[in-house]
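Coordinate inspection notes
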Amino acid sequence: MRRVYLDHSATTPVDPEVAAIMMTYYTEKYGNPSSVHGFGRETKQALEQARNQVAELIGAASREITFTSGGTEADNLAILGTAEALRKKGKHIITSCIEHHAVLETCEYLEKNGFDLTVIPVDEEGIISVDEVRKAIRPDTILITVMHANNEVGSIQPIAEIGKLAKEHGIVFHVDAVQSLGKIPINVEEMNVDLLTVSGHKIYGPKGVGALYVRKGVRIVPLIHGGGQERKRRSGTENMPGIIGFGKACELAGQRMADDAEKQIKLRDKLMNGIVEGIEYVKVNGPVGEKRLPNNVNVSIRYVEGESLLLSLDMLGIAASSGSACTSGSLDPSHVLLGMGLIHEIAHGSLRFSLGRQNTEEEIDYVLEQLPKIVERLRMMSPLYDQVIHSKQA
Ligand code: PLP
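Starting afresh in each chain, residues are numbered from 1 along the sequence in its written order. Given that the model is predicted, a residue must reach a pLDDT of at least 70 before its local features are reported, and side-chain atom pairs must reach 80 or more before they are shown or counted; all residues, however, enter totals for whole chains, interfaces and linings. As a convention, hydrogens and water are excluded, and side-chain values are obtained from all of the structure's heavy atoms.

So, on to the pattern of salt bridges. Pairing between side chains of opposite charge can happen when their charged atoms approach one another. Within this document, salt bridges are pairs made up of a side-chain nitrogen of Lys or Arg and a carboxyl oxygen of Asp or Glu, the two lying within 4 Å of each other. For the coordinates displayed, the defined rule picks out 25 salt bridges. Put simply, Glu48 and Lys44 hold a salt bridge, and the shortest N to O gap is 3.4 Å. Pair noted here: Glu48 and Lys44 are both in helix H2 (residues 38-58), with a separation of 4 residues, about one helical turn. Burial classes: relative accessible area under 20% of the type maximum marks a residue as buried, over 50% as exposed, and values in between as partly exposed (1.4 Å probe, protein chains only). Taking relative accessible area as the criterion, Lys44 reaches 38% and is therefore assigned partly exposed. Here Asp116 makes a salt bridge to Arg138, at a shortest N to O gap of 2.8 Å. One end of the pair, Asp116, is in strand S4 (residues 116-120); the other, Arg138, is in the loop between helix H5 (130-136) and strand S5 (141-147), and 22 residues separate them in sequence. Arg138 sits in the partly exposed class, given a relative accessible area of 30%. Each of Asp15, Glu17, Lys248, Glu251, Arg256, Asp260 and Arg357 takes part in one network of salt bridges that share partners. In this description a helix means any DSSP run of H or I spanning at least four residues, a strand means any run of E spanning at least two, and both kinds are numbered starting from the N terminus.

Multiply 1.5 Å by the residue count of a helix minus one, and that product is the helix's expected span. Across its 21 residues, H2 extends 31 Å between first and last C-alpha, which sits within 8% of the 30 Å expected from 1.5 Å per residue. Residues Gly40, Thr43, Ala46, Leu47, Ala50, Arg51, Gln53, Val54, Ala55, Leu57 and Ile58 constitute the buried set of H2. One or two positions beyond H2, positive phi appears at Gly59, with a value near 70°.

Ranked by internal contacts, the top residues of the largest apolar core, which has 61 residues, are Ile144, Leu196 and Phe246. With 9 residues, helix H7 (residues 240-278) is the single largest residue contributor to this core. Each domain span listed reflects an automatic or database assignment of domains. Per-domain counts for this core show at least three residues from each of domain 1 (4-10 + 257-393) and domain 2 (16-253). Counting 26 residues, the second largest nonpolar core, distinct from the first, contains Leu6, Ile318, Val367 and Leu378. What we call a nonpolar core is a set of buried Ala, Val, Leu, Ile, Met, Phe, Trp, Tyr and Cys residues that are connected through their side-chain atoms within 4.5 Å.

This part covers the domain arrangement of the protein chain. Annotation of the protein chain at the domain level lists domain 1 (4-10 + 257-393) and domain 2 (16-253). The C-alpha centroid of domain 2 is placed 29 Å from the C-alpha centroid of domain 1. Listed per partner, the contact involves 29 residues of domain 1 and 32 residues of domain 2. Here domain 1 and domain 2 share an interface that buries about 2,500 Å² over both sides, 55% of which is from carbon and sulfur atoms. Run the count over domain 1 and domain 2 and you get 0 salt bridges. A 3.5 Å cut-off defines polar contacts: any pair of N or O atoms within that distance qualifies, except that in protein one atom must be a possible hydrogen donor and the other a possible acceptor, and neighbouring residues in sequence count only when both atoms are side-chain atoms. Connecting domain 1 to domain 2 are 13 residue pairs in polar contact (both at pLDDT 80 or more). Residue assignment for the side of domain 1 that touches domain 2 shows that the elements contributing at least two residues are H7, strand S10 (296-301) and helix H9 (335-339). For the side of domain 1 that touches domain 2, the leading source of residues is H9, giving 4 residues. For this scheme, ten residues count as nonpolar: Ala, Val, Leu, Ile, Met, Phe, Trp, Tyr, Cys and Pro. Four count as charged, namely Asp, Glu, Lys and Arg, and the remainder, Gly too, count as polar. By residue class, the composition of the side of domain 1 that touches domain 2 is 11 nonpolar, 13 polar and 5 charged. Should any heavy atoms of two residues lie within 4.5 Å, those residues are counted as being in contact. The term buried area denotes the loss of accessible surface (1.4 Å probe radius) that occurs when two parts are joined, taken as the sum for both partners.

Below is the structure:
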């Protein structure tokens, strides 16, 4: 069966160059980087090179990079670590309603434990207003945490402006950049970011590895205590193959970002326009043009269920995702789409396609050929759609 993978925001395949270099660190260069002998020194040097590769992609110094087990841990470390470090200074945290669960759940955990939380709304395109953030700031605000680009609708946030605001008020600014890394430029200096989360498996690197950028001088309390690795910020013997792979993936992402974006924007727009033109009652979710990630398509198709669409696509070998899929297999409509003002019924019929390096125009043609047929078949079974057709004819 033909297989078309359009779920790169969930995860990406490991680049063969990345996989090849990782293999060496399983079988040949297996020293513990904390060991003093030659095996250890060899790995230590590679660890620092990987740190440098990650730092370069975000405009940071390599000593500001702490490796973690992924984006989720980096988000937890940033938020819990700041709250713990600054709890005597204040207990107010600001976030947005479209954050990933790794941020939202962590903030809500703090709220249950004595912190105050303000959750900023977004507009209908899924973009946070800088003014809303400004209005939410209080004398006891210690942390603002917002994402760079949204994982469901691809909306890119005004990070540099929020960063400026945070700096003016002396508030620590954390940004979850898991979805934007390698897709659009990131510069922690220009964006005035203090803490930034990145992850390996969204950029053709391995799963289970990520990093937190911590600006020099910003204090966070570690979550994991032990041997004091990662400048005492994250103890535990380093996941060397993962870290080496992540570093290489960052290097490749830096080289390929412009080409990848150019190619994916063309495919993205072809897919989005093709769906809108080929199917009735479709709504594009998220912004169009420059405020949208190059690889994201998100549409609500009325009078069908997102899950039924997904299953039908899957039977044809096409992998996409629905608003609710990403986490625990929950069927609740996406908090992101609801936050953007969509009603439950429309949010339920939404689909996300996320493009990657290997997708071709021919694959997009295949989706555009199959999707209208699937929608037509599912609508035939929908009593709601039946009513719409009959009211049109009346
Ligand atoms: N933050 C965002 C915006 C994400 O999209 C994801 C993963 O989907 C994460 C955090 C979690 O990253 P990880 O899978 O590396 O734990």
